[in-house]
Amino acid sequence: MNKEILSWSTQQLAFNIRQQQVSILDVVTCYLNQIEQLNPNINAICHLRSRASILKEAQKKDAQLKNGTAKGLLFGIPIAIKESFLTKGFRVSNGDPLLRNYVATEDAELVKRIKDAGAIILGMTNVPLFCIDWQSTNFWNGTTNNPHDLTRVAGGSSGGSSAAVAAHFCPISIGSDAGGSIRVPAHFCGICGLRPTEGLLSNKGHLKNPNKPQGRRHIVVPGPFARQVEDLKLFMQVLSNHKEYPLPDIPPVDLHQSAWQGQTLNIAISESINDIPIDEEYLSIFRLFVQQLQNTQHHIHYDQPIYNEQSAYLNCSKIIGFEMGMNSPQIPFMSVCMYLFILLKYRDHLWAKGMRQGLKLSNLEYAKAMDQKDTFSSIYHNFLTKYDIWITPVCAIEAYQHQRAGIPFSVNGQKVPYTKAIASYTFTTAYSGHPILVIPIGKKKNGLPVGIQIHAKKWSDQRLLDIGQHLEKLIE
């Protein structure tokens, strides 16, 4: 029974729970056994709630099912939360060593919705230092390993959340993405991940430092992980339920208004972004997927938006630096410290320069940076109006061996800088604010999964998910 429960999709699991074909107690016991067996080696969940309290909640929910008081789309579903969302009673560090023992006293907006939907929170998932990196490691919680190969990274900064789903510690989890922090972990771990339209989901209580204002409001976007697109759709109904949970800063966008009705699609394809080379075997899997697309009724075009990557990369970093600076320690030469941290750790002068400039921006300069973001977004908007979707690789490589950040990768025998191999695919695409879905498309000979990014126009998240579910069938 244990293996059967772990194989169920979230949709199937939720149905079986509602029909009382399986008890919630059995479900959480199954997932807890999986965590206790495998998490010591994978280290996806860094703060696991006590087994006794989880089982007690499961028994209470089973009783609610029997007396007819159960409610919520995720009733009885186990879930893990990225350690950057305030979750009452749990340690939430945001990857900041000064906050590693901070216990949240309230819930982030999306955590509240998850709880109200009846989900059972198992624990918090690991993040990198300051939630900045494409691997999830810090000196107090340790390193998260890829479930497919423990010698490799699970991605970051939502690597713990992605690994938890891939390792069957939970059927769904939540993460966030500024420069690929949902997309890269999904790609590395062989699962699905959605970076929704910027502004669709609330950031309230995410990356929130105690007794300080909400800093990160742009570019960083919360989003879900699951093993199938249909489960992302279910989860998004909860996360984007603005009718039941109206917020003054988010319009009541109906997710279902953008549904796709199966029409023929105009699809743009790019084999790389910003001319960064892609691993040859990954590219061959990508091309095989495109060949399968060409056998459908859809129209395929090789095209990509044209823009100045360096300018976009710099301005994106400025905005992030400014908004991170709101909660940074007010110490002399803080901007120099940030510059040196990024430069020495990631060996990326442009990123370091943007973060340093961002920390020093005046209100006027910040407003100008946001104007430049709007101008850049129009480039992607126009491109994604011309095409229904745009399909690209997620980054240049599959999950890589554990290494120190900043060390260049070898891609087809060519040395490619650490951030170039990943950020060139994920930074400026995040800057635009459009939704991006990652789905797996196959595995390399070494057994490691690879995926694709599917981009769509802003506020068409449901349509994107519908199309992604359609494309999944080409891989089965």
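Everything here concerns the structure above.
Small disclaimer: the values here were computed from a predicted structure and weren't measured.

Visitor: Would you mind going over a nonpolar patch on the surface with me for this structure?
Guide: A grouping of Phe333, Val336, Leu340 and Leu344 is seen on the molecular surface, where their side chains present a nonpolar patch of about 430 Å² in accessible area. Structurally, Val336 is set in helix α11 (residues 334–346). On the basis of relative accessibility, which here comes to 38%, the residue Val336 falls in the partly exposed class.

Visitor: I keep staring at the layout of surface pockets and nothing clicks. Help me out?
Guide: Which parts of space are left empty comes out when a probe the size of a water molecule is rolled across the atoms. Estimated volume of the largest pocket: approximately 500 Å³. Lining the largest pocket are 20 residues, with Asp96, Phe130, Met324, Asn327 and Ser328 positioned closest to its centre. Breaking the lining of the largest pocket down by element, the ones donating at least two residues are α10 (309–325) and α11. In terms of residue class, the lining of the largest pocket is made up of twelve nonpolar, four polar and four charged.

Visitor: Looking at this structure, I do not really get the packing of α10 against helix α13 (residues 363–386). What am I missing?
Guide: To describe two helices that pack against each other, one gives the angle between their axes and the distance between the axes. Taken N-terminus to C-terminus, the directions of α10 and α13 make an angle of 135°; their axes are 10 Å apart at the nearest point. The angle between α10 and α13 places the two elements in the oblique class. Helix-helix and strand crossings are classified by hand; for α10 and α13 the assignment is left-handed. Seen from α10, the contacting residues are Ala312, Asn315, Ile319, Phe322 and Glu323; seen from α13, they are Asn363, Tyr366, Ala369, Met370, Gln372, Lys373 and Phe376. Its residues placed into classes, the contact of α10 with α13 shows seven nonpolar, three polar and two charged.

Visitor: Explain the pairing of strand β17 (residues 449–455) here, please?
Guide: Within a regular strand, the side chains alternate between the two sheet faces. Counting buried positions along β17 yields seven of seven residues, so the element is predominantly enclosed. The alternating pattern of β17 places Pro449, Gly451, Gln453 and His455 on one face and Val450, Ile452 and Ile454 on the opposite face, and all of these are buried. With four bridges connecting them, strand β13 (residues 389–393) and β17 associate as antiparallel partners. The residue of β17 that forms the bridge with Thr392 is Gln453. When strand β16 (residues 436–443) meets β17, the two strands line up antiparallel, connected through seven bridges. Within the sheet, the bridge partner assigned to Lys443 lies in β17 and is Pro449. Hairpin connection from β16 to β17: five residues lie between these consecutive antiparallel strands, with Gly447 at a positive phi of about 85°.

So, how was this worked out
Residues numbered from 1 in each chain as written. Predicted model: local features only at pLDDT ≥ 70, side-chain atom pairs only at ≥ 80, totals over all residues. Heavy atoms only, no water. Patch = residues over 30% accessible without salt bridge, like charges linked within 9 Å, V, L, I, M, F, W, Y side chains within 5 Å. Areas by Shrake-Rupley, 256 points an atom, 1.4 Å probe, with all protein chains shown as cover. Salt bridge = Lys/Arg side-chain N within 4 Å of Asp/Glu carboxyl O. Helix = DSSP H or I, 4+ residues; strand = E, 2+ residues; numbered from the N terminus. Buried < 20%, exposed > 50% of the residue type's maximum accessible area, 1.4 Å probe, protein only. 1 Å grid on protein atoms, 1.4 Å probe; cavity = no way out; pocket = protein on both sides within 12 Å on 5 of 7 lines; lining within 4 Å. Points joined across faces, edges and corners; volume = space filled by probe spheres on them. Nonpolar A, V, L, I, M, F, W, Y, C, P; charged D, E, K, R; others polar. Axes fitted to C-alpha atoms, helices over the stretch in contact; angles between N-to-C directions. Parallel < 35°, antiparallel > 145°, perpendicular 65-115°, else oblique. Left-handed = near helix turned anticlockwise from the far one by under 90°. Contact = heavy atoms within 4.5 Å. Pairing = 2+ DSSP bridges.

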